Each structure stands twice: as C-alpha cells, then as structure tokens.
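Topology and contacts: notes
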Amino acid sequence: MIQLAGVRLPSKSPYSEETAKLIDEEVRKLVEECYQKAKHTLMLNKDELVRLAELLLKKEVVFRDEIEMILGKRGENAKRIAIFSRQPMP
C-alpha cells in the first residue's frame, strides 16, 4: 500500500509490506547513523568552522590559502580523516 495525502492506495510492489517495513527501518537507521556522523564531525571542527564563518562575513570571496590557514591542508588533520572510518564514535 502507498499512502498519499492520508489515503492508502494499492501498490504493485515486488515485495511484501513486511519487507517494505524492514527496508524502511534499515533506511531510517542509515540516515540516523549518517546524521550522527555529520553532527559529530561538525562538533569536532566547530572552532575552525566558526573562524571560517567569521571570515566569510568579512569577505565575500575566500581563497584556498585562507581556508588552508584555518582548516589546514587536506589530509593534514587526522581527526577529520578518522571520522570517516567505520570505527565507533566516542
């Protein structure tokens, strides 16, 4: 069944409603995990992000060397790299 504007409509799905519920639950878990990782990454880098935001408020254009002064060069900061590994977050 598909729900559209509060009305349940029949669907021609190749799988059962129970399977659809399992898929929905797995998708919810994946989205929540990605949300938590993104939130954790932002919190880990909050100071740098605030400095970058302040610079952007002062200047309309920010060049790479200015960003690198705040964030460091790519791959230079281990905490940014570690966040994308499959290890559990603290």
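Thresholds, definitions, all that
- Residues numbered from 1 in each chain as written.
- Predicted model: local features only at pLDDT ≥ 70, side-chain atom pairs only at ≥ 80, totals over all residues.
- Heavy atoms only, no water.
- Helix = DSSP H or I, 4+ residues; strand = E, 2+ residues; numbered from the N terminus.
- Buried < 20%, exposed > 50% of the residue type's maximum accessible area, 1.4 Å probe, protein only.
- Contact = heavy atoms within 4.5 Å.
- Areas by Shrake-Rupley, 256 points an atom, 1.4 Å probe, with all protein chains shown as cover.
- pLDDT = per-residue confidence, 0-100.
- Patch = residues over 30% accessible without salt bridge, like charges linked within 9 Å, V, L, I, M, F, W, Y side chains within 5 Å.
- Salt bridge = Lys/Arg side-chain N within 4 Å of Asp/Glu carboxyl O.

**Structural notes on the overall build of the protein**
A count of helical and extended segments in the protein gives four helices and two strands. Going from the N terminus to the C terminus, the protein shows its helices and strands as β-β-α-α-α-α. Taking all 90 residues of the protein together, the buried fraction comes to 13%. If you take every contact in the protein between residues at least 6 apart in sequence, the share linking residues at least 24 apart comes to 38%. Of the roughly 8,000 Å² of accessible surface on the protein, 61% is carried by carbon and sulfur atoms.

**Here we look at the confidence of the model for the protein**
Residues with a pLDDT of 70 or more make up 71% of the protein, whose mean pLDDT is 81. Low pLDDT, under 50, characterises residues 81-87; the stretch is placed with nine contacts to residues that sit more than four places away or in other chains.

**A look at a nonpolar patch on the surface**
Together, Y15, I23, V27 and V31 line one region of the surface with nonpolar side chains, adding up to about 340 Å² of accessible area. Within the fold, I23 resides in helix α1 (residues 17-44).

**Some details on the pattern of salt bridges**
In total, this model carries four salt bridges according to the counting rule given. With its nearest N and O atoms 2.2 Å apart, the salt bridge here joins E66 to K59. The class of E66 is buried, set by a relative accessible area of 17%. When its relative accessible area of 31% is taken as the criterion, K59 is described as partly exposed. Between E68 and R64 there is a salt bridge whose closest N-O contact spans 3.8 Å. In this pair, E68 and R64 both sit in helix α3 (residues 64-71), four residues apart, roughly one turn of the helix.

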